[in-house]
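# Understanding the architecture of this molecule
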Amino acid sequence: MSRLIAVSNRVAAPKAGKSAGGLAVGVLSALHEQGGVWFGWSGRTTESEPGDTKSSRSGDIEFVTIDLNTADFDGYYNGFSNDSLWPLLHFMVGYFTFRRSQYAAYTRVNEFFARRLVDVLQPDDLIWVHDYHLFQLGLSLRQSGIKQPIGFFLHVPFPNFDVLRVLPCYPQILRGLAAYDVVGFQTERDLSSFQDCMVQPEIGGAVHDDGTIEVFGRRFRADVFPIGIDVAECQRVAVENSRHKQVERLTGSLGGRKLIIGVDRLDYSKGLELRFRGFETLLESYPSERGEVVYLQIAPPTRTGVRTYDRIRQGLETAAGNINGRFAEMDWMPIRYLNRGYSRELLMAILREARIGLVTPIRDGMNLVAKEYVASQNPKDPGMPVLSTLCGAAKELKEAVLVNPYDRQGVADGLQQALAMPLNERRARHAAMLSILEKNDIHAWSRRFVEALRSA
Ligand code: ADP
């Protein structure tokens, strides 16, 4: 069987006690099925020209990593990927900045990935590239003469044309994507935005009846592949760790109160301050909930040092302080805000204890925490997700309580509805959501994508 070569910005070789994010779990699942190589950045930068690739092996999977030049990395990752692409792809034009020098560094890094990858490739390998850091890798590989199938999966949303064209180099991004054979998105909406961008007069592409897109002298398939989770693993981990000392400390400290949980990276797309305000509105509008609920928000810092992120952290600390100052009693603190990460084992067990999973990003490609929350529940007495309509997961988890994250009163009403929901209704909704998660799990996702790539 041909090897699968997965490529992403970072390679996350599994380490004991370290949790893997959504992308890592997906890539590892695909590689476990058929063996192969995971290729990407090592996490190290060097002032001089980066040296050769380094390789290590774990079972059937080979991890091949490259170092990057320090200045190029800054422009490619902190600059173009995080300050140009990330906000645009999340429809947050107000956070968008653009510098030609950063885009030039992004292009250089994509070309450098291609040069190093070519040395690793064998003629019948299938190549699967992940996420927005590497939009142009496929084109660089084609320019190096690589002919075999190359797929691309976008883990985040794809914006509509009016947002995309804010980016001065948007035609180059679209040209880069057209170099792949299969381009995958999380939802139908992302796909239709992408198709619409390709058929704009200035791009001149066409969408054929079989769903393929013809543009820039190539014809390729674009389709929807909603990413899932490993449902069985999630359930097992949640149950196995339910007697963890920290879980018992948490449940003991609740004194019978209902737990509302949020678990997110500290990122503006997660809508955390609005979420705090939605919870505040619950306490204002439904006084009977005062003293009866505790909202625990876990949000470890990411990309620290970037000023925007420092501002979010300060905003959240202020909001939590205000709300606690306003409503706390001698024996009750409404919000517990923890600015740190926890092990996957502990997180899944804590999700299981929560009566409500509060997942209200203002934009998210999928949101795996929403799925993990549902999977971790006790089916006999499940909690309810209160879920943003603006994340990909809302397309599958239709039985969740759906809210618009910008609407404070709507979030408060949704919380109240979920808190008051009778057991038989929670069970029925949970069973419906769980069956969708099982059908579209992480293994089904990677298998479907690899099959599409194989038949490309
Ligand atoms: P994103 O990819 O934007 O961070 P997702 O919800 O899709 O958002 O995926 C996040 C992944 O990282 C999930 O698998 C989640 O369990 C994990 N995660 C999120 N927050 C934490 C945390 N505080 N500690 C450890 N893992 C976390």
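Figured I'd write up the structure that's included with this text. Remember, predicted model here, so these are calculated numbers, not experimental data. (Residues numbered from 1 in each chain as written. Predicted model: local features only at pLDDT ≥ 70, side-chain atom pairs only at ≥ 80, totals over all residues. Heavy atoms only, no water.)

Time to look at the packing of aromatic side chains. Counted by the stated rule, this structure contains 28 aromatic pairs. Here Phe158 and Phe185 contribute two aromatic rings whose centre-to-centre distance is 5.7 Å and whose plane-to-plane angle is 75°, an arrangement assigned as edge-to-face. With Phe158 in the loop between strand S6 (150–153) and helix H5 (161–164) and Phe185 in strand S7 (residues 182–185), the pair connects residues that are 27 residues apart, well separated along the chain. Phe185 matches Phe158 in its accessibility class, with the two residues each being buried. With centroids separated by 5.5 Å and ring planes inclined at 85°, the aromatic side chains of Phe276 and Tyr295 adopt a geometry described as edge-to-face. One end of the pair, Phe276, is in helix H10 (residues 272–285); the other, Tyr295, is in strand S12 (residues 293–298), and 19 residues separate them in sequence. (Phe/Tyr/Trp six-rings, centres within 6.5 Å; stacked < 30°, edge-to-face > 60°. Helix = DSSP H or I, 4+ residues; strand = E, 2+ residues; numbered from the N terminus. Buried < 20%, exposed > 50% of the residue type's maximum accessible area, 1.4 Å probe, protein only.)

Spatial strand order, S13-S12-S11-S14-S15-S16: 6 strands in an open sheet with parallel pairing. Here the strands that pair on one side only, and so sit at the sheet edges, are strand S13 (335–338) and strand S16 (401–403). In this sheet, adjacent strand axes meet at a mean angle of 20° when their direction is disregarded. Here helix H9 (residues 245–254) sits on the sheet and contacts strand S11 (258–263), S12 and S13; the angle it forms with S13, its principal contact strand, is near 155°. Each of S11, S12, strand S14 (356–359), strand S15 (384–388) and S16 is contacted by helix H14 (residues 408–420), which is oriented at about 175° to S16, the strand it contacts most. (Pairing = 2+ DSSP bridges. Axes fitted to C-alpha atoms, helices over the stretch in contact; angles between N-to-C directions. Contact = heavy atoms within 4.5 Å.)

Turning our attention to the state of the cysteines. On inspection of all chains with the given rule, the structure shows 0 disulfides. Here Cys169 stays unpaired: no disulfide links it, and the sulfur of Cys197, its closest cysteine neighbor, is 13 Å away. What makes Cys169 buried here is its relative accessible area of 3%. No disulfide involves Cys234; its sulfur sits 16 Å from that of Cys391, the nearest cysteine. Relative accessible area serves as the criterion here: at 0%, Cys234 is assigned to the buried category. (Disulfide = S-S within 2.5 Å.)

So far we have only geometry, and geometry alone does not tell us how the molecule works.
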